[in-house]
Amino acid sequence: MSSTSAQMRAWRGPAILTFGFRPFFFGAAVWATLSMALWLLMLSGMMSLPTAFDPVSWHAHEFLFGYLSAVVAGFLLTAVPNWTGRLPIIGWPLGVLFGLWVAGRIGVAVSANLSPLVVAFVDIAFPVTMGLVIAREIVAGKNWRNLIVLGMLAVFTFGNALFHLEAAGSADPVAGYGLRIGLGAGVMMIGLIGGRIVPSFTRNWLVRRGSGRLPSPPMQRFDKASLLVLLVALFSWVLAPTHSVSGAFLLLAGTLHIIRLVRWAGYRTGSEPLVAVLHIGYGFLPLGALAIGAEIFWPGSFGSAAAQHLWMAGTVAVMTLAVMTRATLGHTGQPLTAGPATVGIYVFVLIAVLSRLGAGLWPSAAAWLHALAGLGWIAAFGGFSLVYGRLLLTLPADKQSGG
């Protein structure tokens, strides 16, 4: 086919397989909703899963390596054709990739009935295959500057493999290297990719509005220095999560990335939540670094789990929802503006993040704050599944077969 549109019109299968963002964004949102509901039921003692992971490890793994891997896949399968000028992967090859991701979720959920090696193989088959597909596209398109994204995906996959190894042994995987490596890779990806798209999308929107201060262009010397410090901070934190050197680098990285965020003129975006939420989501990256750094120097100031959730639930969840809503609207021909339902999705995920942080700050209220965080999460991702599901599961009229 000579174009993406021609590919989509020629495809006779399900509409969801016409572009990478469709199955993976929808699957990620549905899984985020379902896994949180299961987690709340497990916490209450009302049910259990036949998983070899303890409940906390299952919850952490399925959000980080389950949910985030799907969002990354949807983003890359949609972005890489733009980076390389090559046609996107659609149809049954896309369906096979999505099926591998689903198999991983099922395998981990029923892992008590399988050997650890089989579970790890089933779960890791998806990111490894995904990495090979992306590598082929980048190399074929000679898009060398984005090999760094492929490198971070490889580190993320290594973290998943190590998590499985730690879960099969005597180590606590939630406190282990695998989770920190995976989370560090995810935060670094957001620091890099977010540093490209947040100022670019903000600039585009502000230019249409007329005069006024515009964001600093992306990837200037300051941005590169900030990312380098973040990389060192994350590397140190992975190796020595309670060492004062790690704390110092995290505090420095947090400070630099707050300055970086201020340079993007986010204060001018309040009238368009679709743009403003990108700044809010990125803002949790430095806040998480500052909170984890503060927890190292002053234990108990936030609670280590609550501080880490500023990255897990704040940076990762808010930024991915921001990207999924914007990308879905843009690639389905909708106006790039947030309606009331989309604003509601953003509000609910922020309630979830702040409630989870509050549970660490006020232990006496932790029980109901945990419940509020879970319900806010379900409302946000369930809301995305319902509101955006129609766009993800159907084609615009001009892209339908024969249209």
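So, here is what we can say about the structure in this document. Predicted model, so just to flag it, every value in this text is computed and none were measured.

### Quick notes on the environment of leucine 206
Phase 1 of the analysis: Mapping leucine 206 onto the fold places it in helix H7 (residues 177-209).
Phase 2 of the analysis: Of the residues examined, leucine 206 reaches a relative accessible area of 0% and is grouped as buried.
Phase 3 of the analysis: On a C-alpha basis, the gap between leucine 206 and valine 275 in space is 9.9 Å, while along the polypeptide they are 69 residues apart.

### So, the pattern of salt bridges
Phase 1 of the analysis: Inspection of the entire model under this criterion finds six salt bridges.
Phase 2 of the analysis: One salt bridge in this structure joins glutamate 62 and arginine 105, with 2.6 Å as the shortest N-O distance. Here the residue glutamate 62 occupies a position in helix H3 (residues 55-84), and arginine 105 occupies one in helix H4 (residues 92-109), the gap between them amounting to 43 residues.
Phase 3 of the analysis: Exposure remark for glutamate 62: the relative accessible area of 1% places this residue in the buried category.
Phase 4 of the analysis: Note that arginine 263 and aspartate 223 form a salt bridge whose closest N and O atoms lie 3.8 Å from each other. With a gap of 40 residues between them, arginine 263 in the loop between helix H9 (244-262) and helix H10 (273-297) and aspartate 223 in helix H8 (residues 221-239) connect regions that are remote in the sequence.
Phase 5 of the analysis: For arginine 263, a relative accessible area of 23% puts it in the partly exposed group.

### Describing the nonpolar core
Proteins that are soluble and globular tend to have nonpolar side chains buried together.
Phase 1 of the analysis: Counting residues in hydrophobic clusters, the biggest one holds 114 residues, and the most contacted among them are Phe24, Trp58, Tyr67, Leu76, Trp311, Trp377 and Phe381.
Phase 2 of the analysis: Sequence-distant contacts of leucine 76, defined by excluding residues within four places in its chain, comprise Pro81, Trp83, Met130, Ile134, Val149 and Leu153.

### Focus on helix H12 (residues 340-361)
Phase 1 of the analysis: In a regular helix each residue adds 1.5 Å, so 22 residues correspond to 32 Å; H12 covers 31 Å between its end C-alpha atoms and thus fits that length.
Phase 2 of the analysis: Burial in H12 covers these residues: Thr342, Ile345, Tyr346, Val349, Ala352, Val353, Ser355, Arg356, Leu357, Gly358 and Ala359.
Phase 3 of the analysis: Where H12 is buried, its residues contact H10, helix H11 (304-331) and helix H13 (366-393).

### Digging into the packing of H3 against H7
Phase 1 of the analysis: With their axes 11 Å apart at the nearest point, H3 and H7 run at an angle of 30 degrees to one another. Note that H3 runs across H7; the crossing there is left-handed. Within the contact between the two elements, H3 uses Ala60, Leu64, Phe65, Leu68, Val72, Phe75 and Trp83 and H7 uses Gly178, Leu179, Gly182, Leu183, Gly186, Met189, Ile193 and Arg196.
Phase 2 of the analysis: Tallied by class, the residues present in the contact of H3 with H7 amount to 11 nonpolar, three polar and one charged.

### A word on the packing of H7 against H11
Phase 1 of the analysis: For the pair H7 and H11, interaxial distance at closest approach is 10 Å and the crossing angle is 40 degrees. Regarding the angle of H7 to H11, the classification is oblique. Crossing of H7 over H11 shows left-handed handedness. For the pair H7 and H11, contact is made by Leu179, Leu183, Val187, Ile190, Gly194, Ile197, Val198 and Phe201 and by Gln308, Trp311, Met312, Thr315, Val316, Met319, Val323 and Arg326, respectively.
Phase 2 of the analysis: In the contact of H7 with H11, the residues fall into 12 nonpolar, three polar and one charged.

### Here's the deal with the environment of proline 299
Phase 1 of the analysis: Tracing the chain through its elements places proline 299 in the loop between H10 and H11.
Phase 2 of the analysis: Judged by relative accessible area, which is 68%, proline 299 ranks as exposed.
Phase 3 of the analysis: With 57 residues separating them along the chain, proline 299 and threonine 242 place their C-alpha atoms 9.5 Å apart.

### Observations concerning unusual backbone geometry
Phase 1 of the analysis: Of note, the phi angle at lysine 142 is positive, near 50 degrees, even though the residue is not glycine.
Phase 2 of the analysis: The residue lysine 142 is located in the loop between helix H5 (116-140) and helix H6 (147-168) in this model.
Phase 3 of the analysis: Phi at alanine 265 takes a positive value of approximately 60 degrees, unusual for a residue other than glycine.
Phase 4 of the analysis: Inspection of the secondary structure puts alanine 265 in the loop between H9 and H10.
Phase 5 of the analysis: Take alanine 265: its relative accessible area is 0%, and that puts it in the buried class.

### Here's the deal with the side chain of arginine 105
Phase 1 of the analysis: In this structure arginine 105 comes out as buried when scored by relative accessible area, which is 5%.
Phase 2 of the analysis: Once residues lying within four places of it in the same chain are set aside, the contact partners of arginine 105 are Trp31, His61, Glu62, Phe65, Gly66 and Asp123.

### Focus: a nonpolar patch on the surface
Phase 1 of the analysis: On the surface, a cluster of nonpolar side chains totalling about 440 Å² of accessible area is made up of Val347, Phe348, Ile351, Trp368 and Leu372.
Phase 2 of the analysis: For the nonpolar patch, the elements supplying multiple residues, two or more each, are H12 and H13.
Phase 3 of the analysis: Looking at the nonpolar patch, the element that brings in the most residues is H12, giving three residues.
Phase 4 of the analysis: In this structure, valine 347 sits in helix H12.
Phase 5 of the analysis: Take valine 347: its relative accessible area is 43%, and that puts it in the partly exposed class.

Conventions and cut-offs
- Residues numbered from 1 in each chain as written.
- Predicted model: local features only at pLDDT ≥ 70, side-chain atom pairs only at ≥ 80, totals over all residues.
- Heavy atoms only, no water.
- Helix = DSSP H or I, 4+ residues; strand = E, 2+ residues; numbered from the N terminus.
- Buried < 20%, exposed > 50% of the residue type's maximum accessible area, 1.4 Å probe, protein only.
- Salt bridge = Lys/Arg side-chain N within 4 Å of Asp/Glu carboxyl O.
- Core = buried A, V, L, I, M, F, W, Y, C linked by side-chain atoms within 4.5 Å.
- Contact = heavy atoms within 4.5 Å.
- Expected span 1.5 Å × (residues − 1).
- Axes fitted to C-alpha atoms, helices over the stretch in contact; angles between N-to-C directions.
- Left-handed = near helix turned anticlockwise from the far one by under 90°.
- Nonpolar A, V, L, I, M, F, W, Y, C, P; charged D, E, K, R; others polar.
- Parallel < 35°, antiparallel > 145°, perpendicular 65-115°, else oblique.
- Patch = residues over 30% accessible without salt bridge, like charges linked within 9 Å, V, L, I, M, F, W, Y side chains within 5 Å.
- Areas by Shrake-Rupley, 256 points an atom, 1.4 Å probe, with all protein chains shown as cover.

These results come straight from atomic positions and should not be treated as a statement about function.
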